[in-house]
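Chain by chain, the residues run as shown.
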Amino acid sequence: MSDIEEIRRRRMEELQQQAAAQQAQQQSPDAQSQEQMRREMEAQKRQAMMQILTPEARSRLANLRLTKPEFVDQIEMQLIQLAQMGRVQSKITDEQLKELLRKLAGQKRDINITWK
C-alpha cells in the first residue's frame, strides 16, 4: 500500500510542477508586453524631457533621481503636462528648475521633535 501512495504522491508533484510551468509560460508573454510598454513610455518621457529641459536641468533631475525617484517622477509628469497645455514657451533652465524644486519641496510639512 505504501508503494502505491508513494507513486501517487510523486505523480501529484509532477502534475503540480507541470501546471506551474504552464502558468509561467502563459504569464511570460503578458509580462514581456508590459515590460515593452514600460520601456516605450520611459523612452517617450526621456524624449519629452529633452525637449522641455536644458542639459543642465536634465542633469540636475538625474542626480536628484538617485535620492528621490518618486519626487522626480512627479515633477517630470507635471512638466510634461505643462508642455502639453502649451504653458512652456522655451526650455526650462537649471535656475528655473531649481526654483520649481524649491517651491515643490517647500510644500512638505516640517516635523520637529524636541527631546527634554
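Under an unreviewed UniProt entry, the name given to the protein chain is DNA-binding protein BK007_07140, and the source organism is Methanobacterium subterraneum. The UniProt entry for the protein chain carries this comment under Sequence similarities (unreviewed entry): "Belongs to the PDCD5 family."

Caption draft 1: The arrangement of the overall build of the protein chain in detail. A tally of regular secondary structure across the protein chain gives four helices and zero strands. Along its sequence from the N terminus, the protein chain presents helices and strands in the succession α-α-α-α. The C-alpha atoms of the protein chain give a radius of gyration of 26 Å, which is well past the 13 Å a tight globule of 116 residues would have. In terms of principal-axis extent, the alpha carbons of the protein chain reach across some 80 × 50 × 25 Å. When the accessible surface of the protein chain is split by element, carbon and sulfur atoms take 51% of a total near 10,000 Å². Computing the positive centroid from 20 side-chain charges and the negative centroid from 17, the protein chain places the two 9 Å apart.

Caption draft 2: Region of the structure containing the packing of aromatic side chains. Applying the stated criterion across every chain yields a total of zero aromatic pairs. We note K68 situated over the ring of F71; from NZ or CZ to the ring centre the distance is 5.9 Å.

Caption draft 3: Summary view of the packing of helix α2 (residues 55-67) against helix α4 (residues 94-105). Orientation of α2 relative to α4, taken along the N-to-C sense of each, is 40°, at an axis distance of 8 Å. The angle between the axes of α2 and α4 places the two elements in the oblique class. Seen along the crossing, α2 lies across α4 with a hand that is right-handed. Residues E56, A57, R60, L61 and L64 of α2 lie in contact with α4, whose contacting residues are D94, L97, K98 and L101.

What counts, and where the lines are drawn
Residues numbered from 1 in each chain as written. Predicted model: local features only at pLDDT ≥ 70, side-chain atom pairs only at ≥ 80, totals over all residues. Heavy atoms only, no water. UniProt positions renumbered as here; feature names shortened; annotations may be inferred. Helix = DSSP H or I, 4+ residues; strand = E, 2+ residues; numbered from the N terminus. Rg over C-alpha atoms; globule rule 2.2 N^0.38 Å. Areas by Shrake-Rupley, 256 points an atom, 1.4 Å probe, with all protein chains shown as cover. Lys, Arg positive; Asp, Glu negative; His and termini not counted. Charge placed at Lys NZ, Arg CZ, Asp CG, Glu CD. Phe/Tyr/Trp six-rings, centres within 6.5 Å; stacked < 30°, edge-to-face > 60°. Lys NZ or Arg CZ within 6 Å of the ring centre and 35° of its normal. Axes fitted to C-alpha atoms, helices over the stretch in contact; angles between N-to-C directions. Parallel < 35°, antiparallel > 145°, perpendicular 65-115°, else oblique. Left-handed = near helix turned anticlockwise from the far one by under 90°. Contact = heavy atoms within 4.5 Å.

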